[in-house]
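Inside the fold
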Amino acid sequence: MAVNKKTISYLKLGSVFALLSGFFWTVSIIISQLIPSVLRGSASLAFFEKAKNYSTFILIKDWSNILGYLCFIAVIMVFNHLARPENRAYMSWVNILILIGLGSALYEYVEAARNFLPMIDTMSSMSIEVKKIYARYLFYSSDSFLLWHLTACIWFTIVSGLAWSNKMIPKYLVILGLLLGFSNGVAFVGIINSDRALIDSYQLFSLILIPLWSIVEGAFLWVLAKKL
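A few points on the structure. Here the structure is a predicted model, which is why all the values come from computation and not from measurement.

Once that is clear, we can look at the overall build of the chain. Helix and strand counts for the chain stand at 8 helices and 0 strands. Beginning at the N terminus, the succession of helices and strands in the chain can be written as α-α-α-α-α-α-α-α. Taking all 228 residues of the chain together, 44% fall into the buried category. For the chain, restricting intrachain contacts to residue pairs at least 6 apart in sequence, the fraction spanning at least 24 positions comes to 79%. Accessible area of the chain: about 11700 Å², with a carbon and sulfur share of 69%.

Following the criterion strictly, the structure yields 4 salt bridges and no others. We note a salt bridge from Arg84 to Glu86, for which the minimum N-O separation is 3.8 Å. A salt bridge links Arg114 to Glu111; its shortest N-O distance comes to 3.0 Å. One end of the pair, Arg114, and the other, Glu111, are both in helix 4 (residues 88-123), 3 residues apart, so they sit about a helical turn from each other. Residue classification places Arg114 among the exposed positions, given a relative accessible area of 53%. Owing to a relative accessible area of 24%, Glu111 belongs among the partly exposed residues under this scheme.

Another point: the nonpolar core. If you look at the biggest cluster of nonpolar residues, it comprises 40 residues, and the most contacted ones within it are Tyr69, Phe72, Trp148, Trp155 and Trp213. Of all the secondary structure elements, the ones that give two or more residues to this core are helix 1 (5-34), helix 3 (55-82), helix 4, helix 6 (146-163), helix 7 (171-192) and helix 8 (196-227). Once residues within four sequence positions are removed from consideration, Phe72 is found in contact with Ser21, Trp25, Ile98, Leu102, Trp148, Trp155, Phe156 and Trp213. Of all hydrophobic cores here, the second largest spans 9 residues; its members include Ile31, Phe47, Ala51 and Ile58.

To continue, consider the environment of Ala187. Residue position: Ala187 is located in helix 7. C-alpha separation for the pair Ala187 and Asp200, spaced 13 residues apart in sequence, amounts to 8.4 Å. Ala187 has contacts with His149, Ile199 and Tyr202, leaving out every residue within four places of it along the chain.

Under the definition given, this model contains 15 aromatic pairs. With centroids separated by 6.0 Å and ring planes inclined at 50°, the aromatic side chains of Trp25 and Trp148 adopt a geometry described as tilted. Of this pair, Trp25 sits in helix 1 while Trp148 sits in helix 6, and the two are 123 residues apart along the sequence. Under the relative-accessibility criterion, Trp25 is labelled buried at 10%. Residue class for Trp148 comes out buried when judged on its relative accessible area of 5%. Each ring, one from Tyr109 and one from Phe145, has its centre 4.5 Å from the other, and the planes form 25°; the classification is stacked. With a gap of 36 residues between them, Tyr109 in helix 4 and Phe145 in the loop between helix 5 (128-141) and helix 6 connect regions that are remote in the sequence.

Our focus in this paragraph is a nonpolar patch on the surface. Together, Trp164, Ile175, Leu178, Leu179, Phe182 and Phe205 give the surface a local cluster of nonpolar side chains, amounting to about 540 Å² of exposed area. Secondary-structure assignment places Ile175 in helix 7.

With that settled, consider the packing of helix 3 against helix 6. The geometry of helix 3 relative to helix 6 is characterised by a closest axis approach of 13 Å and an angle of 30° between their N-to-C directions. Relative to helix 6, the element helix 3 lies roughly parallel. Crossing angle aside, the handedness with which helix 3 passes helix 6 is left-handed. Within the contact between the two elements, helix 3 uses Tyr69, Phe72, Ile76 and Phe79 and helix 6 uses Trp148, Trp155, Phe156 and Val159. Counted by class, the contact of helix 3 with helix 6 contains 8 nonpolar, no polar and no charged residues.

We now examine helix 8. With 32 residues, helix 8 should reach 46 Å at 1.5 Å per residue; the first-to-last C-alpha distance of 45 Å fits that figure. When the local axis directions of helix 8 are compared, the greatest deviation, roughly 40°, occurs at Ser206. For helix 8, the side-chain oxygen to backbone nitrogen distance between the N-cap and Ala197 is 3.0 Å, and the N-cap itself is Asp195.

Following the sequence through the fold, Lys171 ends up in helix 7. On a C-alpha basis, the gap between Lys171 and Ser160 in space is 9.5 Å, while along the polypeptide they are 11 residues apart.

Rules behind the numbers
All residue numbers refer to positions counted from 1 along the written sequence of the respective chain. The model is predicted, so local features are restricted to residues of pLDDT at least 70 and side-chain atom pairs to those at 80 or more, both for listing and for counting; the totals for chains, interfaces and linings are taken over all residues. Just so you know, side-chain values use all the structure's heavy atoms and leave hydrogens and water out. Helix and strand labels come from DSSP, where a helix needs a run of H or I of at least four residues and a strand needs a run of E of at least two; each type is numbered from the N terminus. Here's how the labels work: a residue is buried when its accessible area is under 20% of the maximum for its type, exposed when over 50%, partly exposed in between, all with a 1.4 Å probe on protein chains only. Note on contacts: a residue pair qualifies if any of its non-hydrogen atoms lie within 4.5 Å across the two residues. Exposure was quantified through the Shrake-Rupley algorithm and a 1.4 Å probe, taking into account, for residues, occlusion by the shown protein chains and nothing else. One side-chain nitrogen of Lys or Arg within 4 Å of one carboxyl oxygen of Asp or Glu is enough to make a salt bridge. Residue types Ala, Val, Leu, Ile, Met, Phe, Trp, Tyr and Cys, when buried and joined through side-chain atoms within 4.5 Å, form a set referred to as a nonpolar core. A pair of Phe, Tyr and Trp rings is counted when the ring centres sit within 6.5 Å of each other, with Trp represented by its six-membered ring. The angle between the planes then sorts it: under 30 degrees is stacked, over 60 is edge-to-face, the rest tilted. Patch building starts from residues that exceed 30% relative accessible area and form no salt bridge, then joins like charges within 9 Å and nonpolar side chains (Val, Leu, Ile, Met, Phe, Trp, Tyr) within 5 Å. Axis lines are fitted through C-alpha atoms, for helices just across the contact stretch, and the angle between N-to-C directions can take any value from 0 to 180 degrees. If an angle is under 35 degrees, it is roughly parallel; if it is over 145, roughly antiparallel; if it lies from 65 to 115, roughly perpendicular; otherwise it is oblique. The crossing is said to be left-handed when, going from far helix to near helix, the turn is anticlockwise and less than a right angle, and right-handed when the turn is clockwise. Only Asp, Glu, Lys and Arg are considered charged, only Ala, Val, Leu, Ile, Met, Phe, Trp, Tyr, Cys and Pro nonpolar, and every remaining residue, Gly among them, polar. In this analysis, the expected span of each helix is defined as 1.5 Å times one less than the number of residues it contains. Note on bend: at a given residue it equals the angle between the axes fitted to the 7 residues ending there and to the 7 starting there. Under this definition, polar contacts are N or O atom pairs within 3.5 Å; protein pairs additionally need one hydrogen-donor-capable and one acceptor-capable atom, and for neighbouring residues in sequence, both atoms have to be side-chain atoms.

So far we have only geometry, and geometry alone does not tell us how the molecule works.
As structure tokens, then:
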């Protein structure tokens, strides 16, 4: 890693946006714990019945996720810039991979935030049969963030694995990254098997891991920028 003004600016950018992405994702996870479980997954009859009463919470959750993903793009850019020459090819591959997953998640949340209130208003006047058909349509037209969790699992696992031999990076930070990779893998398996318990376990696990990783990562990058 060449030490120059460009590298220092990348480190500072990564520090700020690691903290911001962690903050917005933590807000989203906290809100998810405050709303009924039927509002956390795919649309259903129960979703249509309860969603209007929690519309503010749901919109804040969706927009927090959108901002979190946008901030995380900067973190991916920084990691790609800081990659050691021997890891450049691997980092390029996993960074492109996670950007694909991130793009799919961003699309889902933007569509949800844009259509949520009009959808609830329209559904309130429709019959139960129509609501069932619409819920089924939404279920099959969404990947339920499957691609995001798969690519995040791969990204955190490989990036942390490559960082294990880097003496500049504290081992506890690497371990936190590996745990995030594992937790996203749990979410992926939970979505594949429609296992609500696994998905809820991921959210509770992430409530600790995401803010902890973002604070530690942000502090590490900032201190490193000041040292160079």
